[in-house]
Structure formats: C-alpha cells, structure tokens
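Per-entry structural report
Here is how the chains run, residue by residue.
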Amino acid sequence: MKSPFLLALVISCSAISCEDKIGQQIQAIFTKNMDLEKETATKMEELIQFRNKINVQGRALTEDEISLVEEMDAAEKRWQDWGKAFHARDLIHVEEKDREAFLEEQHQLYADLKILHSDIEGMLSSPF
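What you are looking at is a predicted structure, and each value in this text was computed from that prediction instead of being measured. (Residues numbered from 1 in each chain as written. Predicted model: local features only at pLDDT ≥ 70, side-chain atom pairs only at ≥ 80, totals over all residues. Heavy atoms only, no water.)

Here's the deal with the overall build of the protein
Operational definition: By definition, any uninterrupted DSSP run of H or I lasting at least four residues is a helix, any uninterrupted run of E lasting at least two residues is a strand, and each is numbered from the N terminus. Only protein chains enter the accessibility calculation, which uses a 1.4 Å probe; a residue whose area is less than 20% of its type maximum is buried, one above 50% is exposed, and one in between is partly exposed. Every residue pair with non-hydrogen atoms within 4.5 Å of one another is taken to be in contact. The accessible surface values rely on the Shrake-Rupley method and a 1.4 Å probe; as for residues, cover is taken only from the protein chains in view.
Helix and strand counts for the protein come out as four helices and zero strands. Reading the secondary structure of the protein in the N-to-C direction produces α-α-α-α. Buried positions account for 34% of the 128 residues belonging to the protein. Intrachain contacts of the protein at a sequence separation of at least 6 include 78% that bridge at least 24 residues. Total accessible area on the protein stands at roughly 7800 Å², and carbon and sulfur atoms take up 54% of it.

Remarks on the pattern of salt bridges
What counts is decided by this rule: The term salt bridge refers to a side-chain nitrogen of Lys or Arg lying within 4 Å of a carboxyl oxygen of Asp or Glu.
For the structure shown, the criterion picks out seven salt bridges. A salt bridge links Lys 77 to Asp 81, with the shortest nitrogen-to-oxygen separation between them at 2.8 Å. Separated by four residues within a single helix, Lys 77 and Asp 81 lie in helix α3 (residues 63-86), roughly one turn from each other. Lys 77 gets classed as partly exposed once you look at its relative accessible area, which sits at 45%. In this structure Asp 81 comes out as partly exposed when scored by relative accessible area, which is 35%. For Arg 99, the salt bridge is made with Glu 96, and the minimal N-O distance between the two is 3.1 Å.

Considering the packing of helix α2 (residues 21-55) against helix α4 (residues 99-125)
Stated formally: For every element, the axis is a line fit to its C-alpha atoms; helices are fit only across the contacting stretch, and the angle between N-to-C directions ranges from 0 to 180 degrees. Geometric relationships in this document are graded by angle, where less than 35 degrees denotes roughly parallel, more than 145 denotes roughly antiparallel, 65 to 115 denotes roughly perpendicular, and other angles denote oblique. The crossing is said to be left-handed when, going from far helix to near helix, the turn is anticlockwise and less than a right angle, and right-handed when the turn is clockwise. When residue character is reported, Ala, Val, Leu, Ile, Met, Phe, Trp, Tyr, Cys and Pro are called nonpolar, Asp, Glu, Lys and Arg charged, and the others, Gly included, polar.
With their axes 9 Å apart at the nearest point, α2 and α4 run at an angle of 25° to one another. Relative to α4, the element α2 lies roughly parallel. The handedness of the crossing between α2 and α4 comes out as left-handed. Here the residues of the contact of α2 with α4 are counted per class, giving 16 nonpolar, seven polar and nine charged.

A closer look at the packing of aromatic side chains
Defined as follows: Here a pair means two rings of Phe, Tyr or Trp (six-membered ring of Trp) with centres within 6.5 Å. Their orientation is stacked below 30 degrees between planes, edge-to-face above 60, and tilted elsewhere.
Inspection of the entire model under this criterion finds three aromatic pairs. On the basis of an interplanar angle of 15° and a centroid distance of 4.7 Å, the ring pair of Trp 82 and Phe 86 is categorised as stacked. Taken together, the residues Trp 82 and Phe 86, both in helix α3 and four residues apart, mark about one turn of the helix. No difference in accessibility class separates Trp 82 from Phe 86, as the two residues are buried. Here a set of aromatic residues connected by ring pairs shows up, and it is made of Phe 30, Trp 79, Trp 82 and Phe 86.

Observations regarding α4
This is how it is decided: Here the expected length of a helix is defined as 1.5 Å per residue gap, with one fewer gap than residues.
The end-to-end C-alpha distance of α4 is 39 Å, a good match for the 39 Å that 27 residues give at a rise of 1.5 Å each. Buried residues of α4: Arg 99, Phe 102, Leu 103, Gln 106, Leu 109, Tyr 110, Leu 113, Leu 116, His 117, Ile 120 and Met 123, and no others. Among the structural elements, α2 and α3 are those in contact with the buried residues of α4.

Examining the side chain of Arg 51
Our working definition: Two N or O atoms count as a polar contact when they lie within 3.5 Å, although within protein this holds only if one can serve as hydrogen donor and the other as acceptor, and sequence-adjacent residues are included solely when both atoms are side-chain atoms.
By secondary structure assignment, the location of Arg 51 is in helix α2. A distance of 2.6 Å separates a polar atom in the side chain of Arg 51 from a polar atom in the side chain of Glu 76.

Structure below.
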C-alpha cells in the first residue's frame with residue numbers, strides 16, 4: 001500500500017529535479033520517516049496483540065492493567081493520527097514556495113514518530 005506512495009515520491013522528485021538542496025533533504029527525511037514507520041508498525045502490532053491479551057483474561061482487570069490498556073489505546077490513536085498526517089500530502093502537491101514548510105513538517109513528523117516508537121518500546125519492555 002505504501003510502495004506506490006514511495007514510488008510516486010521518487011518519480012516526483014525526479015520530475016522536479018531533486019538536484020536542489022531542499023529536494024534532497026525532503027527525500028532523505030521522507031525515507032527516514034518511511035523506514036521508521038515500518039519499524040513502528042511492527043511494534044504497534046505487538047502492542048495491540050499484548051493489549052488484546054490483557055483484555056481477554058476472563059476476569060476483572062486490575063487498576064494497573066486498566067491504566068496500561070488506556071495508555072496503549074492512546075498510543076494507537078497517536079499512531080493513527082501520525083499516519084494520517086504523514087500521508088496527507090506528498091511532494092507532488094507541494095508548490096515550490098511551500099517546500100521548506102513541507103520539509104519542516106517532515107522533520108516534525110519524524111520527531112513525533114521517534115517519540116511514539118520509544119513510548120511503544122517502553123510499554124512492551126516493562127508494561128507494569
């Protein structure tokens with residue numbers, strides 16, 4: 001699903017000549033975002049599976065479990081919001097004058113995803 005998006009970005013970069021510095025920076029941060037997105041998707045899937053195991057225990061959840069499930073729900077929401085923001089627009093639809101703002105958005109999205117990825121790893125490594 002994301003491969004056509006990446007291909008479109010590569011083609012668009014070629015079309016608008018990624019020889020310029022901003023174009024190269026956009027391509028580099030976009031690639032970093034895509035790589036981290038793949039890693040985070042795997043971790044998010046693990047987190048969802050873990051959350052499901054907690055929820056299906058056949059007994060009342062402890063306060064710690066309830067708190068953890070709520071934290072996991074919040075992480076899943078952040079993941080979905082990040083995905084919507086990241087795939088909301090691509091370089092093809094960015095006008096020349098907006099490329100610096102697009103680059104900044106990509107950097108912010110990367111920073112946000114790094115934090116989310118770290119939070120997910122923390123929940124998986126020591127949930128209670």
